[in-house]
Amino acid sequence: MIKELTIISGKGGTGKTTITAAFASLCENKIMTDCDVDAADLHLILQPEVLRQESFIGGRAPVMDKSICTECGTCQEVCRFNGIDLDPDKGYTINSFACDNCALCAFACPEEAISMVDSVNGNWFISKTPYGKMVHAKLGIAEDNSGKLVTLVRQQAKKLAEDEGLSLIVNDGPPGIGCPVTAAITGTSLVLVVTEPTLSGIHDMERVVDLCRHFQIPVQVCINKYSINLVNTQKIREYCAHLGIAIVGELPFEPLVNKALVARQNVIDFECGAVTRVVRKMWQEVEKQMMA
Amino acid sequence: MIIAVASGKGGTGKTTIATNLALSIPQAQYIDCDVEEPNGNLFLKAEIQQKEDVGVPLPHIDSALCTYCGICAKDCEFNALAVLKDRVMVFPELCHGCGVCSYVCPEKAISEGEKIIGVVERGVVPQEGEDLVFCQGVLNVGEPMSPPLIKKAKTYAEPTRTVIMDAPPGTSCPVIQTLNGADFCLLVTEPTPFGLNDLELAVGVVRQMKIPFGVIINRSDSGDQSVVEYCQRENIPLLMEIPLNRDLAFAYSKGIPYVTENSEAKDQFGQLLVAIHKELQV
Ligand code: SF4
Ligand code: SF4
Ligand code: SF4
Ligand code: SF4
């Protein structure tokens with residue numbers, strides 16, 4: 001059976017991608033994915049070479065035929081998202097930034113001046129990296145449906161893993177606790193939450209841990225930059241102990257990590273002292289849990 | 001005036017900038033639109049005076065009227081309905097509350113109830129002189145749909161104040177919902193390849209939305225020159241650079257706003273507002 005690990009953080013900037021990129025170098029026989037489709041950045045370190053590119057049709061969007069429109073205003077009245085603007089020069093127009101693509105205006109327009117058309121919301125890719133294959137995506141600017149795209153990326157990774165007889169998928173997850181995160185963790189074998197000992201880091205960790213428990217997905221925690229605030233680190237330890245969650249790694253604050261990033265290398269290939277050692281050990285722990 | 005503080009990604013110090021700016025200028029209002037992870041109040045510690053549940057419409061099917069024709073499910077753009085032989089199932093986590101199903105049902109079998117998705121909390125942060133007005137949306141855990149809550153929080157923006165909106169990370173629906181209608185956008189980034197990558201995405205969004213914007217580089221001495229060079233190349237105003245600062249990082253980890261302990265920093269954030277005003281005049 002194919003196992004799937006998703007690495008998330010609740011909050012961006014906690015070092016999640018640093019750890020995912022390091023895991024890419026440590027584990028074998030796997031597919032990597034970047035499920036942070038809004039702001040993918042795993043490619044900055046893994047430097048993928050695109051083998052296949054496909055467009056992502058996330059849904060449909062309304063298009064108005066001004067030659068039929070009689071300016072009756074019905075569309076604006078029925079829309080619940082303020083998706084129709086009234087412009088003194090152009091008359092009624094669709095405001096794509098507010099529109100939710102629900103099609104109510106298309107149903108309600110008495111002239112049938114509005115129709116729903118497929119919209120390309122981004123692209124997804126299968127790529128080659130020095131660490132194996134990777135599935136990733138790029139959401140178009142100001143497009144939504146990121147949850148759907150995350151699901152698509154995971155499905156493609158699974159297909160690829162099956163085709164190539166690989167046993168593991170490692171997902172670099174999106175930030176937050178909203179639809180993309182839900183799409184990235186549902187049904188995965190294990191979630192690794194990367195947190196840091198700041199008040200917001202703790203707060204966000206608690207929320208994503210809640211989310212994982214809500215979906216009954218096993219969770220482990222990694223504390224990054226634990227040395228910047230030992231009191232908060234202790235709080236994280238107590239919180240995890242209380243819920244029976246294993247802390248699989250505590251990484252000290254280490255300026256070399258930033259140097260590695262700027263050099264576009266992962267912390268295994270770019271020697272970062274204690275951080276490199278702890279990440280290696282952490283991977284063993286995570287692997288043990290997943291194979292259990 | 002509405003100033004949105006955004007960044008392609010979390011962790012760049014967006015909330016630090018937004019809260020410190022709000023504390024440094026007169027007649028300010030802070031609205032936390034990062035409803036999935038509202039962190040601003042960890043620093044501002046507002047006295048919450050009002051709480052209001054925010055709901056979205058959720059269809060309810062009257063089985064006495066329904067003929068199981070399947071039209072509602074076919075017309076729902078979000079696959080939030082499934083019509084079985086003797087039952088219509090609603091999937092609340094997929095429903096956008098758009099009203100299409102009740103509109104198209106030929107039997108008028110669909111009415112709408114309300115599903116609570118979160119809460120908007122309002123209050124003040126006591127200050128010497130005039131208090132800072134505070135508002136935040138808090139999304140219920142497990143609830144995937146944040147835009148309606150963001151929209152509700154934004155309705156409390158007071159036109160007479162300088163409104164600082166703390167935007168969610170990313171570049172998709174919740175960010176668009178926050179930025180829609182903003183007069184200016186501050187993009188917070190870091191001087192690393194990651195920071196630049198996320199900044200370019202965010203710039204794409206604000207340009208497409210035609211919102212004037214400027215960049216703040218946080219931890220400006222901790223990386224390379226790529227962000228500065230990008231801003232010069234693209235003619236983007238660089239409004240502030242904040243070096244990595246142990247005091248600030250420590251104050252942050254304890255939840256203390258930097259400017260409350262540092263009047264010089266407060267002046268700098270005051271100057272930032274002046275710089276924004278200047279940008280908007282040209
Ligand atoms: S409902 Fe149709 S005809 Fe009326 S304003 Fe809208 S697009 Fe035009
Ligand atoms: S598709 Fe829906 S949200 Fe968009 S303009 Fe029409 S009614 Fe409004
Ligand atoms: S459209 Fe109305 S009658 Fe038809 S299945 Fe849906 S609820 Fe029932
Ligand atoms: S309200 Fe809209 S999204 Fe919800 S079930 Fe009805 S048609 Fe679908």
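Residues numbered from 1 in each chain as written. Chains lettered and ligands numbered in written order. Predicted model: local features only at pLDDT ≥ 70, side-chain atom pairs only at ≥ 80, totals over all residues. Heavy atoms only, no water.

Visitor: Even after reading the chapter, I still don't get the overall build of chain B, so can you show me in this structure?
Guide: Counting its secondary structure elements, chain B contains ten helices and eleven strands. If you line up chain B on its principal axes, its C-alpha atoms span 70 × 45 × 35 Å. Each of the 282 residues in chain B was classed as buried or not, and the buried ones make up 59%. Pairs at least 24 apart in sequence give 73% of the contacts found in chain B among residues at least 6 apart. Of the accessible surface of chain B, which amounts to about 11800 Å², a share of 50% is contributed by carbon and sulfur atoms. A distance of 3 Å separates the average location of the 22 positive side-chain charges in chain B from that of its 36 negative side-chain charges. (Helix = DSSP H or I, 4+ residues; strand = E, 2+ residues; numbered from the N terminus. Buried < 20%, exposed > 50% of the residue type's maximum accessible area, 1.4 Å probe, protein only. Contact = heavy atoms within 4.5 Å. Areas by Shrake-Rupley, 256 points an atom, 1.4 Å probe, with all protein chains shown as cover. Lys, Arg positive; Asp, Glu negative; His and termini not counted. Charge placed at Lys NZ, Arg CZ, Asp CG, Glu CD.)

Visitor: I'm lost on the nonpolar core in this one. Help?
Guide: In summary, soluble globular proteins display a tendency toward joint burial of nonpolar side chains. Counting residues in hydrophobic clusters, the biggest one holds 41 residues, and the most contacted among them are L179, C185, L187 and L199 of chain B. No other element matches the six residues that helix α7 (residues 193-208) of chain B contributes to this core. (Core = buried A, V, L, I, M, F, W, Y, C linked by side-chain atoms within 4.5 Å.)

Visitor: What is the right way to look at the sheet that holds strand β7 (residues 132-139) of chain A in this model?
Guide: Paired through backbone hydrogen bonds, the strands of a sheet run either parallel or antiparallel to each other. All names here are of chain A. One open sheet accounts for nine strands, arranged β3-β6-β7-β2-β8-β1-β9-β10-β11; its pairing is mixed. Taken across any chain shown, the strands that pair with only one partner, and hence form the sheet edges, are β3 (49-64) and β11 (246-250). Strand-to-strand twist in this sheet, taken as the mean axis angle between neighbours without regard to direction, amounts to 20 degrees. Each of β9 (190-195), β10 (219-223) and β11 is contacted by helix α8 (residues 230-243), which is oriented at about 155 degrees to β11, the strand it contacts most. (Pairing = 2+ DSSP bridges. Axes fitted to C-alpha atoms, helices over the stretch in contact; angles between N-to-C directions.)

Visitor: How do you make sense of the packing of aromatic side chains when you look at a structure like this?
Guide: Any aromatic ring pair is given by two values, namely how distant the centres are and how the planes are angled relative to each other. All names here are of chain A. For the structure shown, the criterion picks out two aromatic pairs over all chains. Seen from their ring centres, F23 and W283 are 5.0 Å apart, and the 55 degrees between their planes marks the pair as tilted. Of the two residues, F23 sits in helix α1 (residues 16-26) while W283 sits in helix α10 (residues 274-291), which places them 260 residues apart along the sequence. Its relative accessible area of 0% is what places F23 among the buried residues. (Phe/Tyr/Trp six-rings, centres within 6.5 Å; stacked < 30°, edge-to-face > 60°.)

Visitor: Looking at this structure, I do not really get the interface of chain A and chain B. What am I missing?
Guide: With 56 residues of chain A at the contact, the number on the chain B side is 53 residues. Summed over both partners, the interface of chain A with chain B comes to about 4700 Å²; 58% of that surface belongs to carbon and sulfur atoms. The tally of links from chain A across to chain B stands at three salt bridges. One can count ten residue pairs in polar contact (both at pLDDT 80 or more) joining chain A with chain B. Of all the secondary structure elements, the ones that give two or more residues to the side of chain A that touches chain B are α2 (42-46), α4 (104-108), β7, α7 (199-214) and α9 (255-262) of chain A. Considering each element in turn, the side of chain A that touches chain B owes the most residues, seven residues, to α7 of chain A. The residue makeup of the side of chain A that touches chain B, split by class, is 25 nonpolar, 17 polar and 14 charged. (Buried area = accessible area lost by both parts, 1.4 Å probe. Salt bridge = Lys/Arg side-chain N within 4 Å of Asp/Glu carboxyl O. Polar contact = N/O pair within 3.5 Å; in protein donor to acceptor, adjacent residues only side chain to side chain. Nonpolar A, V, L, I, M, F, W, Y, C, P; charged D, E, K, R; others polar.)

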